[in-house]
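Letter by letter, the chains look like this.
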Amino acid sequence: MKRGEFELAVHLGIVRVEAQRSGGRPRVRQEEIDRLRSEDGFPEALRERVRTVGTAEGARLLGISPGRFTRLARAGCVTPVAFYLNRYRVVVWLYLAQELGGLAARSPELLVGNSPAWMRGRLDSGMDCRPRNWRSRRIERLLTRTEDPWARAAIAAQALDPAQLAEVVDDPYERAHFARVRPEPVFGQRGSSAAWEAMCRLMLADEPDEILWRRVNLIMELDSAREHRQAPRPGDEQRPGRKELGRPRVSAEAVELTDPVGPAESVKAVEPVEPAEAVQLAGPVTSADDLAELAEPAEQGGPVGLLARLGLRRVRRSRRPRVRDVHRAAPRAARSAGHRPPGRRRPLAGPQGGSVREDVSNRK
């Protein structure tokens, strides 16, 4: 079978699959494969059950014109089972060949003569039952493949737009749970983005009576799901502890660690140091050399913090401050020590009341 035929066989329930408890792709058991192979006419009979036709081929099978076949499909006499987008991005509906043969045997009057009155009334009003019938068929098949109440409610919610869904399900956590448990196609790829967008548009109910019917079905499925269990909310799942993450628990007691930078030493206790006792200035800072001497980094084998020893913080390597930074920090340190830096000197007065620089320039 081709991939598309196999996916359609799984969707129609012709090939039974078994869901995985872990949530992965479903599997086909060997017993199911043996059952299919043991049927009469395998594999041609299996391919015939999933064979799909378009409008032209369907009209040829029924012995009618393509226009009459389109009118039958628009009136709801034939239900499409799948669709695809052509090169113009127009939806092309596909029908099961076996169902077309059943229509010819069940209602032969629809294939000849004038159309019935109810059929003409639907066509004159512009009704197109193909998307609605396709939605109903798809939702019914998805509901038969799952027994989870919340998954069934998520399937029923697919036929409503966000505004309609918010009116029926006012809890945002329940709507978010729908997106997590909603079943997706499990065999093959999802298809192109254009086909996926067209499918999302076709899944929404557009007629008032259909919208009302979908709302009633969603309310019934939602009540059943709430009785089974509540939707998960933030905080329901506990955060994993250090034991689950594999991180050791560090106590405040004394531990012996190996210094990753310097030699091995024992860390007995860590006592906080007050800022006032950390640095004691011997005198006022008057020059950049004094500030550079105070800003001299510690030795390479000096003490390292506890987080750095545990590997949770990177050890900063000591570096000597640049001269530019020292000159910038010198006035600040002097002001903090209570000393006012010297201001700009005024030029000395010259012999004729001018400055020394002006007198030198005059002489030149």
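Before reading on, note that the structure itself is shown above.
This is a predicted model, so every value here is computed, not measured.

Participant: How do you make sense of helix α1 (residues 3-12) when you look at a structure like this?
Facilitator: Counting along an α-helix, one turn takes 3.6 residues, and residues three or four places apart therefore face a common direction. Of all the residues in α1, the buried ones are L8, A9, V10, H11 and L12. Each element contacted by the buried residues of α1 is listed here: β1 (52-53), β3 (91-96) and α8 (130-144). Looking one or two residues past α1, G13 carries a phi angle of roughly 85°, positive in sign.

Participant: Would you mind showing me how to read the packing of aromatic side chains here?
Facilitator: Two aromatic rings, taken as a pair, are described by how far apart their centres are and by the angle between their planes. Within the structure shown, the criterion is met by 5 aromatic pairs. With a centroid separation of 6.0 Å and an interplanar angle of 50°, the aromatic rings of W150 and F178 are classed as tilted. With W150 in helix α9 (residues 149-157) and F178 in helix α11 (residues 172-181), this pair connects stretches of sequence that are 28 residues apart. Here a set of aromatic residues connected by ring pairs shows up, and it is made of F83, W93 and W134.

Participant: Help me understand a nonpolar patch on the surface, please; the structure alone is not making it clear to me.
Facilitator: A surface patch of nonpolar side chains, amounting to about 290 Å² of accessible area, comprises L212, V216 and M220. Along the chain, the position of L212 falls in helix α13 (residues 208-228).

Participant: Sorry, what's going on with the sheet that holds strand β2 (residues 82-85) here?
Facilitator: Strands belonging to one sheet form pairs held by backbone hydrogen bonds; the direction of such a pair is parallel or antiparallel. The antiparallel open sheet is built from 3 strands, whose spatial order is β1-β3-β2. Unpaired on one side and paired on the other, β1 and β2 mark the two borders of the sheet. Pairing of β1 with β3, which is carried by 2 bridges, proceeds in the antiparallel orientation. Pairing of V53 across the sheet is with Y95, part of β3. In the packing of α8 onto the sheet, the strands contacted are β2 and β3, and the crossing angle to β3 comes to about 55°.

Cut-offs applied
In this numbering scheme, every chain counts its residues from 1 along its sequence in written order. Two thresholds apply to this predicted model, a pLDDT of at least 70 for residue-level local features and 80 or more for giving and counting side-chain atom pairs, whereas whole-chain, interface and lining totals are computed over all residues. Calculation of side-chain values draws on the structure's entire complement of heavy atoms; hydrogens and water are dropped beforehand. Each residue gets one of three labels from its accessible area relative to the maximum for its type: buried under 20%, exposed over 50%, partly exposed in between, using a 1.4 Å probe on protein chains only. Counting from the N terminus, the helices are DSSP H or I runs at least four residues long and the strands are E runs at least two residues long. Contact definition: two residues touch when any of their heavy atoms are within 4.5 Å. What counts as a ring pair is set by centres within 6.5 Å for rings of Phe, Tyr and Trp (its six-membered ring), and what kind of pair is set by the plane angle: stacked under 30 degrees, edge-to-face over 60, tilted for all other angles. Residues forming no salt bridge and having over 30% relative accessible area are the ones grouped into patches, like charges within 9 Å of each other and nonpolar side chains (Val, Leu, Ile, Met, Phe, Trp, Tyr) within 5 Å. Surface exposure here means Shrake-Rupley accessible area, sampled with a 1.4 Å probe, where a residue is shielded only by the protein chains that are shown. When a carboxyl oxygen of Asp or Glu lies within 4 Å of a side-chain nitrogen of Lys or Arg, that pair is called a salt bridge. A pair of strands is treated as paired once DSSP finds two or more bridges between them. Only the stretch in contact is used when a helix axis is fitted, and all axes are lines through C-alpha atoms; the angle between N-to-C directions ranges over 0 to 180 degrees.

Coordinates in, geometry out; function isn't part of it.
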